[in-house]
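Descriptive analysis of the structure
Below are the chains, spelled out letter by letter.
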Amino acid sequence: MKMKFWNVRGIAFALLSVFAASAFAQTMADAQKAYVAGNWKEAAAAYEAACPKEPDSLRAECYLWNVLALSQTGNAQSFKVAGKRLDSLIQTTNPQRAIYADLMMTSAQFRLYLGKYDKAAEDLIQAIETSHPHQTVVLQKVCQAVKAKVKSEDLNDRCNLLSNPDSLKALQAAKTAPAAQPAKVAAPAPQPAAPEPAPAVEQPKEQPKAAPAPAPAPVATAPAAPATTTAEYWTLQLGAFGTKSNADLLVSNLKKQKISCTIIEQTRGEKTLYLVQTGKFETKDQAVDFAASKLAPLKIEYQPLLKR
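The structure contained in this document is the topic of the report that follows.

Cut-offs and rules
- Residues numbered from 1 in each chain as written.
- Predicted model: local features only at pLDDT ≥ 70, side-chain atom pairs only at ≥ 80, totals over all residues.
- Heavy atoms only, no water.
- Helix = DSSP H or I, 4+ residues; strand = E, 2+ residues; numbered from the N terminus.
- Pairing = 2+ DSSP bridges.
- Axes fitted to C-alpha atoms, helices over the stretch in contact; angles between N-to-C directions.
- Expected span 1.5 Å × (residues − 1).
- Buried < 20%, exposed > 50% of the residue type's maximum accessible area, 1.4 Å probe, protein only.
- Salt bridge = Lys/Arg side-chain N within 4 Å of Asp/Glu carboxyl O.
- Phe/Tyr/Trp six-rings, centres within 6.5 Å; stacked < 30°, edge-to-face > 60°.

Here we look at unusual backbone geometry
With a phi close to 65 degrees, lysine 258 is a non-glycine residue in the positive phi region. With respect to the secondary-structure elements, lysine 258 resides in the loop between helix 11 (244–256) and strand 2 (262–268).

The structure is reproduced here in structure tokens:
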């Protein structure tokens, strides 16, 4: 019996309408054509060939399409490979990028298909909280499917926010608490790790399970300031979140890039913010130099702060 991913084709067509106009270069034409025609194996192979040639800024989107095509082939081994690749993309993608919400939304669909309804709700909540306006229609469709399987007040609240853009923006602003935005430095994002597909397995006897997260790499901290007669130093603030899990996610992603961060809890009225900071620098110039060499290539926004 062929295995079909529950509703990914309809969701993918909605996503394709967003990206088709400008997101992909000429090398994506064959893969797109095969995907729209429902030739999943051909599409998966075409994406495999095209994605490494894509610009760094578009490679994650390309591999997401590869994941969607693999999940539709009807083969359990291909579905397992798709799940591993999706996990890898999530682990290596900055939550501030629009594609991150698409990845979490797709993860919610995978969880739903595997019967992990509570996990599907958690992933979908995170997708909504990191979403951008153009993703609202697709998120509403996934909300309907997940809400039909799991009862969650948190999920209901987040899904309801999709029809109230002002309230959703307020929630997202509270989680990120943006300060003055520094100038962005254009630099390539890291390529998501793409595991090699394993040989196909005929007539699988059991459903594949999601791959475990890889062990974290050794961490190198930002250079500490030399000892001085005062307690003043500069640090880089990378984000302020209303939910600790979002702060933990950013810290975990940067740890994989060998950048050590700390989370500082700050109470503001009845709310608690979780500030993600890295480094102790003697001067502001040292902090900015570190950010330019380590954070800008990852497209991480930062704000130098003087600490006393």
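A closer look at the environment of arginine 97
In this structure, arginine 97 sits in the loop between helix 5 (76–92) and helix 6 (98–113). Counting along the chain gives 34 residues from arginine 97 to serine 131, while the straight-line C-alpha distance between them is 9.0 Å.

Here we look at the sheet that holds strand 4 (residues 303–307)
Ordered in space as 2-3-1-4, the four strands form an open sheet in which the pairing is antiparallel. Looking at which strands have only one partner, the edges of the open sheet turn out to be strand 2 and strand 4. Strand after strand, the sheet turns through a mean of 45 degrees between neighbouring axes, direction not considered. As judged from the five bridges shared by strand 1 (residues 233–241) and strand 4, these two strands associate in the antiparallel manner. Bridge pairing in strand 4 links tryptophan 234 to leucine 306.

Digging into helix 6
Spanning 16 residues, helix 6 covers 24 Å between terminal C-alpha atoms, matching the ideal 22 Å at 1.5 Å per step. The element helix 6 is largely enclosed, with a buried count of 13 among its 16 residues. Immediately beyond the C-terminal end of helix 6, within one or two residues, lies glycine 115, with a positive phi of roughly 80 degrees.

Looking at the pattern of salt bridges
Where side chains of opposite charge bring their charged atoms close, a pairing between them can arise. One pass over the full model with this rule turns up eight salt bridges. The salt bridge involving arginine 59 is made with aspartate 56; its shortest N-O contact spans 2.7 Å. Residue arginine 59 and its partner aspartate 56 are both found in helix 4 (residues 56–71); the two are separated by three residues, about one turn of the helix. Across the salt bridge formed by arginine 158 and glutamate 129, the nearest N and O atoms sit 2.7 Å from each other. With arginine 158 in helix 9 (residues 153–161) and glutamate 129 in helix 7 (residues 117–129), this residue pair connects regions lying 29 residues apart in the sequence. Each member of the pair arginine 158 and glutamate 129 is classed as buried.

Section: the packing of aromatic side chains
This model, assessed by the stated rule, comprises five aromatic pairs. The interplanar angle of 80 degrees and the centroid separation of 5.0 Å between the aromatic rings of tyrosine 35 and tryptophan 40 together place this pair among those described as edge-to-face. The pair tyrosine 35 / tryptophan 40 is uniform in exposure class, with both members buried. Residues phenylalanine 79 and phenylalanine 110 carry aromatic rings whose centres are separated by 4.9 Å and whose planes lie at 25 degrees to one another, so their mutual orientation is stacked. Taken together, the positions of phenylalanine 79 in helix 5 and phenylalanine 110 in helix 6 put the pair 31 residues apart, joining distant regions of the chain. For the pair formed by phenylalanine 79 and phenylalanine 110, the shared burial category is buried. One aromatic cluster is present, built from ring pairs that chain together Tyr35, Trp40 and Trp65.

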